[in-house]
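A closer look at the structure
Read off the chains here:
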Amino acid sequence: MITTFSRTDDAEVAVTAALAGAAVVRDLYGGRLDRIDKGGGDFATAADLAAERAILDVIRAARPKDALLGEEGGEQGAAGAGRQWLVDPLCGTLNYAAGTQVVAVNVALRDGTPEGIPDGTHEGTPGGTHAGTPDGTPGGTARTAVAAVADPFGGEVLWTDGERAWARRDGADTPLVPSGAVRLVDVNLDPPFPHAPGFRAVDLLAHPGFVAGFRPRVVSSTLAVAWVAAGRRAAYVTDGGDLSGSVHFAAGIALCRAAGCVVTGIDGRPPGPAGHGLVVAADAATHAELMALIRK
């Protein structure tokens, strides 16, 4: 089936691409998969590669002039394009390879064109698996315009047009509503840890204030970032650098912002060129509680 999109329907491109990747991830689950060593204990599987191809096929057909940045395939397309699609085809590969169905398919569009016009071009050279220039954006002016995070085994895709955020299940869209009341905080314990010993996620988990106020969860997939927007986590915390242009985090950050969450680094400042990890909270009160613990 051939799907066509209007010039302004980037959100539907993101949703369709994420669902295409999710279908591949689901279909290949449980089989014997070749592994590609990436060093440091990390690896990709044949499912990562196949899902990325499926996603890129959708984007190329709909937006042939846009640049692409895939976790597995790297940068593709016009080097000077102002619009760049960030693709993480299988976030949670280690979970997946171990037979755990907690994974995400992340698709986000970083748009640096003056008016966000599809197929436009604008100076700026994205690179690596993190978008763009020293400030983390193509051309220094890009924003995450649209994003989609698909749960291959949960039967839904969480998406945003950059202004509001929804969950789509069986073709029906429901607005995302964050909630700090769940008190579950997902903490990423995977390296790197660039701000240790000043900040250690394991120390946060052991803090008496955290133990008294929250319950920790360790999903090891950026699906947990999207869950903050959906009201299934009160917050998400990770060490790191500037994650706003990361193929892993850009989609989840965009969802959370559109849903009304508070999004900062572990230093309490907005994610940016001097980025310090990520603290995403359902509301200002939850964010303030966590920041008080982190700063101690």
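Here the structure is shown first, and the text comes after it.
Overview of the structure.

What counts, and at which threshold
Residues numbered from 1 in each chain as written. Predicted model: local features only at pLDDT ≥ 70, side-chain atom pairs only at ≥ 80, totals over all residues. Heavy atoms only, no water. 1 Å grid on protein atoms, 1.4 Å probe; cavity = no way out; pocket = protein on both sides within 12 Å on 5 of 7 lines; lining within 4 Å. Points joined across faces, edges and corners; volume = space filled by probe spheres on them. Nonpolar A, V, L, I, M, F, W, Y, C, P; charged D, E, K, R; others polar. Salt bridge = Lys/Arg side-chain N within 4 Å of Asp/Glu carboxyl O. Helix = DSSP H or I, 4+ residues; strand = E, 2+ residues; numbered from the N terminus. Buried < 20%, exposed > 50% of the residue type's maximum accessible area, 1.4 Å probe, protein only. Pairing = 2+ DSSP bridges. Axes fitted to C-alpha atoms, helices over the stretch in contact; angles between N-to-C directions. Contact = heavy atoms within 4.5 Å. Core = buried A, V, L, I, M, F, W, Y, C linked by side-chain atoms within 4.5 Å.

As a volume, the largest pocket reaches approximately 880 Å³. The class makeup of the residues in the lining of the largest pocket is 12 nonpolar, 16 polar and 10 charged.

Once that is clear, we can look at the pattern of salt bridges. Two side chains bearing opposite charge may form a pair once their charged atoms approach each other closely. With the rule as written, the count across this model stands at 14 salt bridges. Note that Arg269 is salt-bridged to Asp267, the shortest N-O span being 3.9 Å. One salt-bridge network, held together by shared partners, links Asp10, Arg63, Asp66, Arg83 and Asp111.

What follows covers unusual backbone geometry. Going from Pro191 to Pro192, the amide bond is cis rather than trans, its omega being 10°. Counting through the fold element by element, Pro192 comes out in the loop between β11 (184–187) and α4 (201–206). In this model, Ser220 sits at a positive phi of 60°, which is unusual for a non-glycine residue. Within the secondary structure layout, Ser220 lies in the loop between β12 (215–217) and α6 (223–229). For Ser220, a relative accessible area of 29% corresponds to the partly exposed category.

Moving on, we get to the sheet that holds β12. Overall, mixed pairing links the 5 strands, which are arranged β12-β11-β13-β15-β14 in an open sheet. The open sheet has two free edges, formed respectively by β12 and β14 (262–264), since each of these has just one partner strand. With direction set aside, neighbouring strand axes in the sheet form an average angle of 15°. As judged from the 3 bridges shared by β11 and β12, these two strands associate in the parallel manner. In the strand pairing of β12, Asp186 is matched with Arg217. On top of the sheet, helix α8 (residues 284–295) reaches β11, β13 (235–238), β14 and β15 (278–281); it is set at about 145° to β15, its chief contact.

Alternating positions in β13 separate into two faces, Ala235 and Val237 on one and Tyr236 and Thr238 on the other, with burial throughout. Here β11 pairs with β13 via 3 bridges, running parallel. By the bridge assignment for β13, Val187 is matched with Val237. Sheet topology note: the β13/β15 ladder contains 4 bridges and is antiparallel. Within β15, the residue paired with Tyr236 across the bridge is Val280.

Moving on, we get to helix α7 (residues 250–259). Residue pairs spaced three or four apart in an α-helix point in one direction, given the helix's 3.6 residues per turn. Counting buried positions over the 10 residues of α7 gives 9, a clear majority of the element. When α7 is considered as a whole, its buried residues turn out to be Ala250, Ala251, Gly252, Ile253, Ala254, Leu255, Cys256, Ala258 and Ala259. One or two steps after α7, the chain reaches Gly260, where phi turns positive at roughly 100°.

Let's shift gears to the nonpolar core. If you look at the biggest cluster of nonpolar residues, it comprises 37 residues, and the most contacted ones within it are Leu176, Tyr236, Leu255, Cys256, Leu278 and Val280. Of all the elements in the fold, those that place two or more residues in this core are β5 (83–91), β6 (104–111), β7 (143–151), β9 (165–169), α6, α7 and β15. Tallying contributions element by element places α7 first for this core, with 8 residues. Once you skip the residues sitting within four places of it in the chain, Cys256 turns out to touch Val225, Val228, Ala229, Cys261, Val263 and Val280. Of all hydrophobic cores here, the second largest spans 34 residues; its members include Ala22, Leu68, Trp85 and Leu109.

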